[in-house]
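# A structural walkthrough
Listed below, chain by chain, are the residues.
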Amino acid sequence: SQQGEEDPQALSIQEGENATMNCSYKTSINNLQWYRQNSGRGLVHLILIRSNEREKHSGRLRVTLDTSKKSSSLLITASRAADTASYFCATDERGSYIPTFGRGTSLIVHP
Amino acid sequence: SQTIHQWPATLVQPVGSPLSLECTVEGTSNPNLYWYRQAAGRGLQLLFYSVGIGQISSEVPQNLSASRPQDRQFILSSKKLLLSDSGFYLCAWSRLGVLGATPYEQYFGPGTRLTVT
């Protein structure tokens, strides 16, 4: 079953703009992770945020987690053409540490 | 450093033929291993995971099977492929040796594109 769902499904922006993607989930979680996938490649881990954390930063990435709303957001600041990829959130429900992936947001950054 | 290999990169197989995809991990021991399938434009569907040699858990009933003959080797097989088996197959590993403890991120292989004709 799909736990996390990303929104929007597709996002198209200009280089230099910020990109925001959201992830909503249904049940209580232990952790939430964000991954990136370039076309035809494997996924690359970006950031993990635990259920007791509200915000994490990594370079140009900022992730927030709101457990009361069961949602998370991934913000990419000052986007670059190289950020073009699909972005997935993965959640692991309480009682299980197996991450479940959403369908992803396809981000296109135009140079 | 750790490396994960998958082969072949692409595969075209007729319906009813057997399948064997291999995944190996280097540079770590006792990894958790995972097989995922990704349909076009879709998320990842967990097929199998393994916490140790010979220990396989199946998430979705299907005509696929998995085996872990060695600590860092994970094999996905089928005796007779179906059209619906087409997709992008990804192998992944994580540092966690026993599920239930603090989780770690997953590291993915480059994937195998399988087309069943």
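The following paragraphs examine the structure supplied in this document. The model shown is predicted, which means the values in this text are computed figures rather than measured ones.

### Side note on unusual backbone geometry
Cis geometry is adopted by the peptide bond preceding P8 of chain A, which originates at D7 of chain A and carries an omega value of 0°. In this fold, P8 of chain A is placed in the loop between β1 (5–7) and β2 (10–14). Geometrically, the link from W7 of chain B to P8 of chain B is a cis peptide bond, its omega value of 0° lying close to zero. On the secondary structure map, P8 of chain B appears in the loop between β1 (3–7) and β2 (10–13). The backbone of K70 of chain A sits at a positive phi, close to 50°, despite the residue not being glycine. When you line up the elements, K70 of chain A lands in the loop between β7 (61–66) and β8 (71–76). Residue K70 of chain A is classed as partly exposed on the basis of its relative accessible area of 26%. Even without glycine at this site, A78 of chain A takes up a positive phi of about 45°. Secondary-structure assignment places A78 of chain A in the loop between β8 and β9 (85–93).

### What about the pattern of salt bridges?
All chains considered together, the criterion is met by five salt bridges over all chains. Note that E55 of chain A and R62 of chain A form a salt bridge whose closest N and O atoms lie 3.2 Å from each other. We classify R62 of chain A as partly exposed; its relative accessible area is 31%. Close ionic contact of R68 of chain B with D71 of chain B constitutes a salt bridge, the shortest N to O distance being 3.2 Å. Three or more residues joined by partner-sharing salt bridges are found here, namely R36, R60 and D83 of chain A.

Analysis parameters
- Residues numbered from 1 in each chain as written.
- Chains lettered and ligands numbered in written order.
- Predicted model: local features only at pLDDT ≥ 70, side-chain atom pairs only at ≥ 80, totals over all residues.
- Heavy atoms only, no water.
- Helix = DSSP H or I, 4+ residues; strand = E, 2+ residues; numbered from the N terminus.
- Buried < 20%, exposed > 50% of the residue type's maximum accessible area, 1.4 Å probe, protein only.
- Salt bridge = Lys/Arg side-chain N within 4 Å of Asp/Glu carboxyl O.

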